[in-house]
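# Topology and contacts: notes
Chain by chain, the residues run as shown.
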Amino acid sequence: MTFALRGLVVTFSVAVTIYVCLSILVVGSWRDVWRFTKRYSAANCADLLFALRIAPMVVAVAITAAFVIPSFLLLEPRTLREPIGGVPLALGLCGVTAIIIGLRNSVQALKRASRMVARWAGAAVGASFERLDEQSSVAVLRSTVSPPLTAAGILKPAVWLSQSAEAVLTEAELRGALRHEMVHVRRRDNLRKLMLQLVAFPGMMALESAWLDAAEMAADDAAVSSASEALDLAGAVIKLSQLGPLDTPGELTTALVHSPVESVDARVQRLVAWDELHKTPAKNPASRYAFGLAAASATMLVLAYGHILFAMHAATELLMR
Amino acid sequence: MRELVEDDCEELAYTTLMTTLDRLFKKGMLTRTEEGRAFRYAPRLSREELHRETAGEAFRELLDASPASSLPLSSLVEVLGERDAQLLDDLAKLVQRKRRELNELQKTRQRERGKGVE
């Protein structure tokens, strides 16, 4: 077996083993983490749920890139013609298959989203621009066939507003609803949805659904700054829900309202209960310790890097046999 | 068993409770573990899981009983639609009420501020 092929099998088999083990751990434990983080702000909760969802892939790629590949390149004899066991070969194939499936899911989702947006664009009746931050703004496009209010697009997102939604909302409600979608654009929630397509794993649906709910609540929180604005946004959510049957959120898009109606109920109840307390900065679960922990981990990794490479090489040798 | 008699079910006879728990255990609603000479009973399902299982069972029976299986489903969709519409109406009323309260509060504050200036 050639050196390069062995390297590929080692890389993919280790990566897939780490990915599967961590994914199983996340599927089994995310609810406990979620319960713990409910005391923090919706934005922190959403960020943590998303981090949990993609952590298996990020950690697997990081460990493989930082330790597995260097240990193989530096410590594996190039002239050795070592056979590869059936298990690492099967694991390696699983890893390649998972990557292919993830890429295929992402491409298909992108194509479907593009077709959907092209259909809305075909019935576009007007456009304006909303300021996103100091330097940039986002296009708000009116269409006769788009959902009531939706942010779509990955690299250059736009907000789509249906004529019926514009007709039914008051000016204050429309402003609140647009601010909500702007938060989704700022938080790059559509890009996050695309990333989820890449890291498919069975049993993650409930975690993804919880993240979606938390992301909506985070956008609600960031879109309002007073009790009056909270009531405006709540009014917009109810009116748009009453426009027609609620759909599930479209692929790679964020909508102000979507099924189930229970999620609308939960959001409206939160907005109605809005008060000045919401404006007190919520405790950030990670920021207090994150920097110290990261610095300590980086120092330890640098100091022990050589030992880790030797240990990793020994482990991959065991796996290959 | 002893906990139930002492806390929640003081008025019921010990034997009645024991029989009821035993029947629920035999029907699979409760689990039990032996603790010394006694049993500790616990629900097999959470309230939410029980509701889901009961509803699922009822739907299955309904679908099996109907010659045209789409009929119960369309009725169910209709009922859910009505329920959703009612919920949204209730939420709209809640928002209106809250807005009125907020307006009242703002007027009161303005009046108090006006008095303070005078």
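In what follows, the structure referred to is the one given above.
Before going into details, it helps to say that this report is about the structure given with it. Predicted model only: the values in this text are computed from it and were never measured.

### Re the overall build of chain B
A count of helical and extended segments in chain B gives four helices and two strands. The burial tally for chain B puts 3% of its 118 residues in the buried class.

### Regarding the interface of chain A and chain B
Facing the 12 residues of chain A at the interface are 10 residues of chain B. Those elements that provide at least two residues to the side of chain A that touches chain B are α8 (227–242) and α9 (261–272) of chain A. Top element by residues in the side of chain A that touches chain B is α8 of chain A. It accounts for eight residues.

### Quick look at helix α3 (residues 47–65) of chain B
Taking 1.5 Å of rise per residue, 19 residues should cover 27 Å, and α3 of chain B covers 27 Å from first to last C-alpha, within 8% of that figure. α3 of chain B sits mainly on the outside: zero of its 19 residues count as buried.

### Quick word on the packing of helix α3 (residues 86–122) of chain A against helix α6 (residues 189–198) of chain A
Describing two packed helices takes the angle between their axes plus the distance from one axis to the other. Residue and element names in this part refer to chain A. Here α3 crosses α6 at 145°, and the two axes come no closer than 7 Å. Contact residues: G102, N105, S106 and A109 in α3; L194, Q197 and L198 in α6. When the residues that make up the contact of α3 with α6 are grouped by side-chain class, the tally is three nonpolar, four polar and no charged.

### So, the sheet that holds strand β3 (residues 149–152) of chain A
Residues and elements named next belong to chain A. The strand order β1-β2-β4-β3-β5 describes an open sheet built from five strands, whose pairing is mixed. A strand with exactly one partner marks an edge of an open sheet, and here the two such strands are β1 (124–131) and β5 (253–255). Within the sheet, the average angular offset between the axes of one strand and its neighbour, ignoring direction, is 25°. Inspection of the sheet shows β3 paired to β5 by three bridges, in the antiparallel sense. Bridge pairing links A152 to T253 in β5. Helix-sheet contacts for helix α5 (residues 171–186) involve β1, β2 (137–143), β3, β4 (158–162) and β5, and the interaxial angle to β3 is about 20°.

### Things to note about the pairing of β4 of chain A
Residue and element names in this part refer to chain A. Most of β4 sits out of view: five of its five residues are buried. Here β4 shows a buried face lined by A158, W160 and S162 and a second buried face lined by V159 and L161. Inspection of the sheet shows β2 paired to β4 by four bridges, in the parallel sense. Bridge pairing links V140 to V159 in β4. As defined by bridge partners, β3 adjoins β4 across four bridges and the pair is classed as antiparallel. Bridged to A151 within β4 is V159. Here β3 hands over to β4 after five residues, with G153 in that stretch at a positive phi of 110°.

### Re the pairing of strand β1 (residues 30–35) of chain B
Residues and elements named next belong to chain B. Little of β1 is tucked away, with zero of its six residues classed as buried. One ladder, built from six bridges, connects β1 with strand β2 (residues 38–43); its direction is antiparallel. Opposite T33, over in β2, you have R40 as the bridge partner. Hairpin connection of β1 to β2: two residues between the antiparallel strands, including G36 at a positive phi of 65°.

Conventions used here
- Residues numbered from 1 in each chain as written.
- Chains lettered and ligands numbered in written order.
- Predicted model: local features only at pLDDT ≥ 70, side-chain atom pairs only at ≥ 80, totals over all residues.
- Helix = DSSP H or I, 4+ residues; strand = E, 2+ residues; numbered from the N terminus.
- Buried ≥ 20, exposed ≤ 12 C-beta atoms within 10 Å, placed from the backbone.
- Contact = placed C-beta atoms within 7 Å.
- Expected span 1.5 Å × (residues − 1).
- Axes fitted to C-alpha atoms, helices over the stretch in contact; angles between N-to-C directions.
- Nonpolar A, V, L, I, M, F, W, Y, C, P; charged D, E, K, R; others polar.
- Pairing = 2+ DSSP bridges.

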